[in-house]
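So the chains spell out like this:
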Amino acid sequence: MVDKIVIENLSLQYADGAESLRGISMEIRKNAVTVLFGPAGGGKSTLLRCLNRLNDLTDIKTGSGRILIDDENILDPKTDVIALRRKVGMVFARPVPLPMSIRENIIYGLELAGEKRKSKLDEAVERSLKLSAIWDEVKDRLDEPAIALSGGQQQRVCLARVLALQPEIVLLDEPTSGLDPFSTGKVEAALAELKKEYTVILVPHSVQQAARTADYAAFFLTGELIEYGDGKTLFTNPKQKKTEDYIMGRFG
Amino acid sequence: MMTKFLSRNRHTVQRLGFSAITLVAVFTVLPIIGTVIYILVKGGSAISWEFLSGFPHDGMRAGGILPAIIGTLYLTLGTAVFSVPLGIAAAIYLSEYAKDNQRTRLIRIAIINLAGIPSVVYGLFGLGLFVLFLKFGTSILAASLTLSIMTLPVIISTSEEALRAVPQSFRTVSISLGATRWQTINRIILKEALPGILTGVILGLERAAGETAPILFTGAAFFLPRLPFSPFDATMALPYHLFVISTQVPEMPIQIQYGTALVLLVFVLTMNVIATVIRSRARARRQW
Amino acid sequence: MEKSLSWREFIITRLIQSSGYSAILFVALIFFFLLREGLPTLSEVDASSLLNFRWYPIESYFGILPLLSGSLIVTLGAALIAVPFGIGTAVYISEIAPRWMREILKPLVELLGGLPSVVLGFLGILVVSPFLRVFLDLPTGLTAFTGSLLLGGIAVPTVVSVAEDALDSVPRAYREGAWALGATKWQTIWRVTLPAAKSGVLTAVMLGVGRAIGETMTVMMVTGNAPVLATGLGSLFSPVRTMTATIAAEMGEVANGSTHYHVLFFIGMVLFIISLIVNVIASSVVFRAKKRAERILS
């Protein structure tokens, strides 16, 4: 199975009727970094939040369509949403450290699931902080409040928090907006490592970041999928005029 | 030339205006401080261990006010038992579960309504329902239940505000990590809102402790020879005691009146101070 | 493990939901009981004698007009005091006072709000009323005016805290815009900030008035308890009786089920309805902008 996620003709509306996504169909490959890029309001974040059913919390109504993860439609009302969210983790644009220590942040998801064994929890803390390239910086202060860290460190802790649950898919919604270039570089490097084990979907905060990190890239414009293809070639040789215009900065 | 004249005029106006407003504020605040100091001074001499631990004699004209103090403590506790869990739960409902629809609006109107009902009308209600209909009689139980319903709106609104103050992003993150709504509330939201909730609870109970009208016909007794030991007993209480000795007992020593007022004041102010301290300490320690 | 978690969650959710709805239950209960004990009045006392000028229950005169006018005059007086002092103090705290002063004043005003009304009534009897009697050369110091004075003091904290909140919520940009155009702070307060906070300040006043109408102990102790119809300005300085004081004073001596008993509940009903109207209007002028459901931007 090369396609981890298959999206079939997904359409979505806001409660007031405005359309957010129109007939999106795409296949997302396993163990790769798929990038969703485009100007604001294009539907990228909305799509991301469909993948972990976070949209259930808002007044967005699914119009129609299916999202198959490992051949199961996650939009089905009978889906176990809790299990889904452990399988599909999300890192948000602003780092949101929970009001607890670094260690408690990381193990939060595991404790929710009922994991109590200290050995398992400690192991998860070390493993995920290493994967997020921040273990060396915080290993001596795991019991300090997470809010004491810098923005870039907080975001990597948030990534570790997600990885501690050993998800299969990792969603990142503009994770480096607001971070300094050094932290941004660390996060992007982490992505390259991550894709070996996980399926990574990234909404970048700039076209350049998209070009740096994408194995596959999808261009979204006002709720429609304009172009989707190989990351290497799409940025140098886009097929659609609108894609080219956006990449060249003719509109933003 | 013109602008110089105009600007000088405007600044004079401003200075006058500021002084006037400052005076208004001073005249509002001075009586508060004055009241407290006055009662402190006049009542201080009545305070003694006998006063605080003894029973009244000679038709209240001598002796202590222990039963009134204990009675107020019992009533405050009784109010807490009923209104705190119910109030916090209702606040959780409004903050975390309720959708923005007609039914929720109805609940909010009901709460606003409860908050505005005159305290003596609560007394009537308590008399009608708890004392007579449910046959609890004039009792701590009836008075506590009446005070609880009166305190409910305060606890609900302050608790809801405390819950809403917790950043929405915590909820989003928690849910995205696989938490149920209650797990999120229990593990994060309640914990972070607790100081605010506590402040509201204490302020609500402080109000209940000082109220006279709701307990007039539901639980207050003028004189009891011994301390109440069951919820079905009537009780003396500080606010009611003060009311009676200052209006209905002839040749009541002024000393004792001020002393009683002082004890009630201290009781209420202490709660106020505790609430304020909790609030400012929590603000300093917040991790968001 | 997951199954038992969802069972517990279900029960907890149901408990929380019913707690939410309990407020409606209580309002209904209160209204019902007031009705139950108050409505018999209409069959026992006919409307014309209810709407009469004589309140003398011992001889079965149940005219409630003097009580209504008593409440009205005392509340009006209280409002006249609480509004300028309340709004003025709110303006001072919000716009003029330095930061350290704010931190002192706000808790102080809150403290006043916590003072038991019986304590204020007590001081009213012992201090304020004798003072007024001498100062204004009146036959007695227990008058509507005394009540208004003290009630104003009770209503002020409510007015101050809500109005201060309202002024605080006015976006900083409004003030800065005015300053940029050359207005003085004073002009900004009166022409920009206060008008912007208009609905909140109105709410504050209405809530303060609501508080004054419902006050019982203080008025019972200082207004002289004479159920005489208020006629003209002079009656501000003579004794009156409010509806609340009537209930509190006479309920204890009333035979359960008698006409007097029913009439007192009837007055309670009237109070309930008045406070319902005042508070519902006050809250419909709510100034807090409603938060829209979070939109997800992409």
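Here, the structure is the one placed above.
Residues numbered from 1 in each chain as written. Chains lettered and ligands numbered in written order. Predicted model: local features only at pLDDT ≥ 70, side-chain atom pairs only at ≥ 80, totals over all residues. Heavy atoms only, no water.

Q: Is there a simple way to think about the interface of chain C and chain B in this case?
A: A common way to express how large an interface is: the accessible area buried when the components associate. Chain C puts 75 residues into the contact, and the matching count from chain B is 78 residues. Taken together, both faces of the contact between chain C and chain B bury some 6900 Å²; the carbon and sulfur share is 77%. Considering only the surface of chain C that becomes buried against chain B, Ile16, Phe122 and Trp186 of chain C emerge as the three largest contributors, covering 9% of it. Here chain C is connected to chain B by 1 salt bridge. Its salt-bridge partner being Glu110 of chain C, residue Arg279 of chain B comes within 3.1 Å of it at the nearest N-O pair. Taken together, the links from chain C to chain B amount to 8 residue pairs in polar contact (both at pLDDT 80 or more). If you list the elements that add at least two residues to the side of chain C that touches chain B, you get helix 1 (2–38), helix 4 (65–96), helix 5 (99–114), helix 6 (117–135), helix 9 (185–196), helix 11 (217–222), helix 12 (243–250) and helix 13 (259–284) of chain C. Of the residues forming the side of chain C that touches chain B, the biggest block, 20 residues, is contributed by helix 1 of chain C. Per-class residue counts for the side of chain C that touches chain B are 49 nonpolar, 19 polar and 7 charged. (Contact = heavy atoms within 4.5 Å. Buried area = accessible area lost by both parts, 1.4 Å probe. Salt bridge = Lys/Arg side-chain N within 4 Å of Asp/Glu carboxyl O. Polar contact = N/O pair within 3.5 Å; in protein donor to acceptor, adjacent residues only side chain to side chain. Helix = DSSP H or I, 4+ residues; strand = E, 2+ residues; numbered from the N terminus. Nonpolar A, V, L, I, M, F, W, Y, C, P; charged D, E, K, R; others polar.)

Q: Looking at this model, I keep getting lost on unusual backbone geometry. Mind explaining?
A: Most peptide bonds take the trans configuration, and most residues that are not glycine carry a negative phi. At Arg53 of chain A, a position not held by glycine, the phi torsion is positive, near 55 degrees. Relative to the helices and strands, Arg53 of chain A is located in the loop between helix 1 (44–51) and strand 4 (60–69).

Q: It is not clear to me how the nonpolar core should be interpreted in this structure. Could you clarify?
A: A general feature of soluble globular proteins is that nonpolar side chains tend to end up buried together. In terms of nonpolar packing, the biggest core is built from 257 residues, with Phe37, Ile67 and Leu129 of chain A touching the most fellow members. The element contributing the most residues to this core is helix 6 (residues 140–165) of chain B, with 13 residues. Among all residues touching Leu129 of chain A, those that are not within four sequence positions of it are Ile106, Ile134, Trp135, Val138, Leu142, Val157 and Ala160 of chain A. (Core = buried A, V, L, I, M, F, W, Y, C linked by side-chain atoms within 4.5 Å. Buried < 20%, exposed > 50% of the residue type's maximum accessible area, 1.4 Å probe, protein only.)

Q: Explain helix 1 of chain A to me, please; I cannot follow it from the model alone.
A: In an α-helix, one full turn covers 3.6 residues, which means residues spaced three or four apart are oriented alike. All names here are of chain A. Counting buried positions over the 8 residues of helix 1 gives 8, a clear majority of the element. Taken together, the buried positions of helix 1 are Lys44, Ser45, Thr46, Leu47, Leu48, Arg49, Cys50 and Leu51. Immediately beyond the C-terminal end of helix 1, within one or two residues, lies Arg53, with a positive phi of roughly 55 degrees.

Q: I tried to follow a nonpolar patch on the surface on my own but got confused; where do I start?
A: On the surface, Val26, Leu30, Ile33, Ile37, Leu40 and Val41 of chain B cluster together into a nonpolar patch covering about 520 Å² of accessible area. Here Leu30 of chain B is to be found in helix 1 (residues 2–44). (Patch = residues over 30% accessible without salt bridge, like charges linked within 9 Å, V, L, I, M, F, W, Y side chains within 5 Å. Areas by Shrake-Rupley, 256 points an atom, 1.4 Å probe, with all protein chains shown as cover.)

Q: Which parts of the structure should I look at to understand the packing of aromatic side chains?
A: Working definition: an aromatic ring pair is given by the centre-to-centre distance plus the angle between the planes. Considering all chains together, one arrives at 21 aromatic pairs over all chains under this definition. Ring pairing ties together the aromatic residues Phe125, Phe130, Phe133, Phe136 and Phe232 of chain B together with Phe32 and Phe33 of chain C, which thus form one cluster. (Phe/Tyr/Trp six-rings, centres within 6.5 Å; stacked < 30°, edge-to-face > 60°.)

Q: Explanation requested: the environment of Leu65 of chain C in the structure shown.
A: Residue and element names in this part refer to chain C. Looking at the element boundaries, Leu65 is found in helix 4. In this structure, the C-alpha to C-alpha distance between Leu65 and Arg54, residues 11 residues apart in sequence, is 7.7 Å. If near-sequence neighbours (up to four positions away) are discounted, Leu65 is found in contact with Leu50, Leu51, Asn52, Phe53 and Leu229.

Q: Hey, could you run me through the environment of Arg61 of chain B in this one?
A: All names here are of chain B. Counting through the fold element by element, Arg61 comes out in the loop between strand 1 (56–57) and strand 2 (62–63). Given a relative accessible area of 27%, Arg61 falls into the partly exposed group. With 146 residues separating them along the chain, Arg61 and Arg207 place their C-alpha atoms 27 Å apart. Once residues within four sequence positions are removed from consideration, Arg61 is found in contact with Val249, Pro250, Glu251, Met252, Pro253 and Ile256.

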